[in-house]
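If you want the building blocks of each chain, they are given just below.
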Amino acid sequence: MKLLNLTVISAFVVTAIAIPQTSFAKPAACQIALADGGRKTGFIARTNDKGILFTYSENEKGPGEQYTHQQVLAVVFTDEGDIMGPARHAYSRSNYEEAETLFKSVAEEYDNLWGISRAQRGNFASEARYFQVDCLRRLGRYAEIAPALQTNTGKSLENSLAEVYLPKLKLFHMWEKLAGGDWDALAADLKTYEQEATGDKAKLVPVPVFEADSPALLVQLSYMRGKVFAAKDDKENALRDFYRAVTLDYGSDPVLSQKAMDEALAIQSTDPKLKESYPQQTEIHALARVYQEGYAKGDIDIQYREFTREPEMPEAIKKQLEAEKATEKAGEAKAPEAAPVEEKKPE
C-alpha cells in the first residue's frame, strides 16, 4: 500500500511540474527547507501552482527533483540581494523610470519562480513585478498596468506577496480599471473607502469623505473619483476631487498632481459660463499660473496659455469696489475720536 501511495504522488508531481518553461527564464540559486526536515542547496528551475522543479546545477539537463508545495516549507534565494539590488536602489532614489525598467527585467528573467507562495517566504520575481507596477502608477503610465498584472508573476501577487502589500495591490487593480474606463467597477471599489457624512456635516459635504490611513492614499482616491465624476459629466464634484488631489499631501506626488491639474483645467476651460464669469476667470488663471510655474517649468500647453494672463476686471465690478472703498473711507471720517484716558494721580 505504501508503494502505491508513493507511485501516485510521484505521478501527480510529474504532471504538475511538466509545464513549458519560457525561453528567457533563469534558474534561481536557493536553499529549500523540506517538510521531512531535509535541507537542500541548488536551483529552482521552474514552478507552477502545484510544486517546484529543483536541480543541483544551473545548467542541469536532467529531470531534476520535483516537489509539491506541501513538501517545501521555505525557500531562501541566495542571490536575491545582487539581483534586486540595482532596482531597489533606483526606487529608493525615486528614479522610477530606471527602477521600472530594472524591476521589469527581473520579473521577466525569473518568471519561472511565480509559484513560490507567501507561506514559503515568497519570491523576488513577484516582488519585482509588484514594484514595477508601482513605478508605472507613479509615472502615470496606467495603461501598462493591466498587461503587467496579466503575467505569471502579476497573477501570483496575491498569493506570493507579504500581507502588508495587499492593500496597495487592490489599488493597482483600481488603476487598471481607470485605464480601461471601467467607471462603474471603479466607483464600486471607491465606495469601500468612503465614509458617509451624517447630520449637519452631510449638508456641508456634498460627497462622502474618504477613510484612508495616509494623505498619499487620499490623493489617489480623490483623483480616481474625480475621473469617475468627470466620466459621468458631474463636473462640479469632479473639480472638487481634482483640487483635493492637487492640494492634499502638499504635492508629494507631482505626476498625479499635474494630471489632476490637467483635468481641472480641461473642465474649467470648456465651461460655457467662463467668458461671462469673472470669478471663474480668476480661478482658472490662478490654476494655470500654479501649473505653469510649479509643474510645467515655465511652459504650458497652448490651449491653456491664454489663462496665464490676468483676466481684465469688468467695469461693473470696478465701480462696485470703488463705491465700497468710498463708503469705508466715509465711515472712518465720521467715526468719533476716542476720548483721552485720564491718568490717575497717586494718592
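In this text, all values refer to a predicted model and were calculated from it rather than measured experimentally.

Rules used in this analysis
Residues numbered from 1 in each chain as written. Predicted model: local features only at pLDDT ≥ 70, side-chain atom pairs only at ≥ 80, totals over all residues. Heavy atoms only, no water. Helix = DSSP H or I, 4+ residues; strand = E, 2+ residues; numbered from the N terminus. Buried < 20%, exposed > 50% of the residue type's maximum accessible area, 1.4 Å probe, protein only. Contact = heavy atoms within 4.5 Å. Areas by Shrake-Rupley, 256 points an atom, 1.4 Å probe, with all protein chains shown as cover. Core = buried A, V, L, I, M, F, W, Y, C linked by side-chain atoms within 4.5 Å. 1 Å grid on protein atoms, 1.4 Å probe; cavity = no way out; pocket = protein on both sides within 12 Å on 5 of 7 lines; lining within 4 Å. Points joined across faces, edges and corners; volume = space filled by probe spheres on them. Axes fitted to C-alpha atoms, helices over the stretch in contact; angles between N-to-C directions. Parallel < 35°, antiparallel > 145°, perpendicular 65-115°, else oblique. Left-handed = near helix turned anticlockwise from the far one by under 90°. Nonpolar A, V, L, I, M, F, W, Y, C, P; charged D, E, K, R; others polar. Expected span 1.5 Å × (residues − 1). Polar contact = N/O pair within 3.5 Å; in protein donor to acceptor, adjacent residues only side chain to side chain. Salt bridge = Lys/Arg side-chain N within 4 Å of Asp/Glu carboxyl O. Pairing = 2+ DSSP bridges. pLDDT = per-residue confidence, 0-100.

A. Spatial organisation of the overall build of the chain. A tally of regular secondary structure across the chain gives 16 helices and seven strands. In the chain, buried positions account for 39% of the 347 residues. Within the chain, contacts between residues separated by at least 24 positions form 58% of all contacts whose residues are at least 6 apart in sequence. Accessible surface for the chain amounts to roughly 20400 Å². Of this, 53% is attributable to carbon and sulfur atoms.

B. Seen up close, the nonpolar core. Within the largest apolar cluster, 75 residues are counted, with the highest numbers of intra-cluster contacts made by Phe 77 and Phe 103. Considering each element in turn, this core owes the most residues, eight residues, to helix α4 (residues 124-139). Phe 103 has contacts with Met 84, Ala 87, Arg 88, Tyr 91, Ala 128, Phe 131, Gln 132 and Cys 135, leaving out every residue within four places of it along the chain.

C. Layout of the layout of surface pockets. One number sums up the size of the largest pocket: a volume of about 420 Å³. Taken together, 19 residues form the lining of the largest pocket, with Arg 137, Lys 168, Ala 216, Leu 217 and Gln 220 sitting closest to its centre. Within the residue set of the lining of the largest pocket, elements represented by two or more residues are α4, α8 (166-180), α11 (215-231) and α13 (254-269). Considering every element that reaches the lining of the largest pocket, the biggest residue donor is α11, with four residues.

D. Representation of the packing of α11 against α13 within the structure. Look at α11 against α13: their axes get within 11 Å of each other, and the N-to-C directions meet at 25 degrees. When the interaxial angle is binned, α11 and α13 end up roughly parallel. The two elements α11 and α13 cross, and the hand of that crossing is left-handed. Taken together, the residues of α13 that come into contact with α11 (itself represented by Val 219, Gln 220, Tyr 223 and Lys 227) are Leu 256, Lys 259, Ala 260 and Glu 263. A breakdown of the residues in the contact of α11 with α13 according to their chemical character gives four nonpolar, one polar and three charged.

E. Quick peek at unusual backbone geometry. The backbone of Arg 121 shows a phi angle near 80 degrees, a positive value even though the residue is not glycine. Tracing the backbone through its elements, the reader meets Arg 121 in the loop between α3 (96-109) and α4. With a phi angle near 65 degrees, Asp 233 is a residue other than glycine that sits in the positive phi range. Here Asp 233 lies in the loop between α11 and α12 (235-247).

F. Up close: helix α14 (residues 278-295). Between its terminal C-alpha atoms α14 stretches 25 Å, which fits the 26 Å expected from 18 residues at 1.5 Å a residue. Within the sequence span of α14, burial applies to Tyr 278, Gln 280, Gln 281, Ile 284, His 285, Leu 287, Ala 288, Tyr 291 and Gln 292. Where α14 starts, the residue carrying a side-chain oxygen 3.3 Å from the main-chain nitrogen of Gln 280 turns out to be Ser 277.

G. The arrangement of α13 in detail. With 16 residues, α13 extends 22 Å from end C-alpha to end C-alpha; this agrees with the ideal 22 Å at 1.5 Å per step. All buried positions along α13 are accounted for by Leu 256, Ser 257, Ala 260, Met 261, Ala 264, Leu 265, Ile 267 and Gln 268. Considering only its buried residues, α13 is in contact with α8, α11, α12, α14 and α15 (302-305).

H. Spatial organisation of the pattern of salt bridges. Applying the stated criterion to the full structure yields 21 salt bridges. A salt bridge links Asp 49 to Lys 50, with the shortest nitrogen-to-oxygen separation between them at 3.5 Å. In this structure Asp 49 comes out as exposed when scored by relative accessible area, which is 53%. Taking the shortest distance from any N to any O, the salt bridge between Glu 236 and Arg 240 comes out at 2.9 Å. Taken together, the residues Glu 236 and Arg 240, both in helix α12 and four residues apart, mark about one turn of the helix. Residue Glu 236 is classed as exposed on the basis of its relative accessible area of 54%. A relative accessible area of 29% places Arg 240 in the partly exposed class. Within the structure, one salt-bridge network assembled from shared partners comprises Asp 134, Arg 137, Arg 138, Lys 168 and Asp 253.

I. Representation of the sheet that holds strand β1 (residues 28-34) in the model. Strand order across the open sheet formed by five strands is β4-β3-β2-β1-β5, with antiparallel pairing between neighbours. The sheet is open, and its two borders are formed by β4 (65-68) and β5 (72-77), each paired with just one other strand. Sheet twist, expressed as the mean angle between neighbouring strand axes with direction ignored, is 45 degrees. Here six bridges tie β1 to strand β2 (residues 39-47), and the two strands are oriented antiparallel to one another. Bridging from a neighbouring strand, Ala 33 pairs with Arg 39 of β2.

J. Seen up close, the confidence of the model for the chain. When pLDDT is averaged along the chain, the result is 85; 84% of the residues meet or exceed 70. Note that residues 1-17 has pLDDT below 50 and, in this model, 15 contacts with residues that lie over four places away or in other chains.

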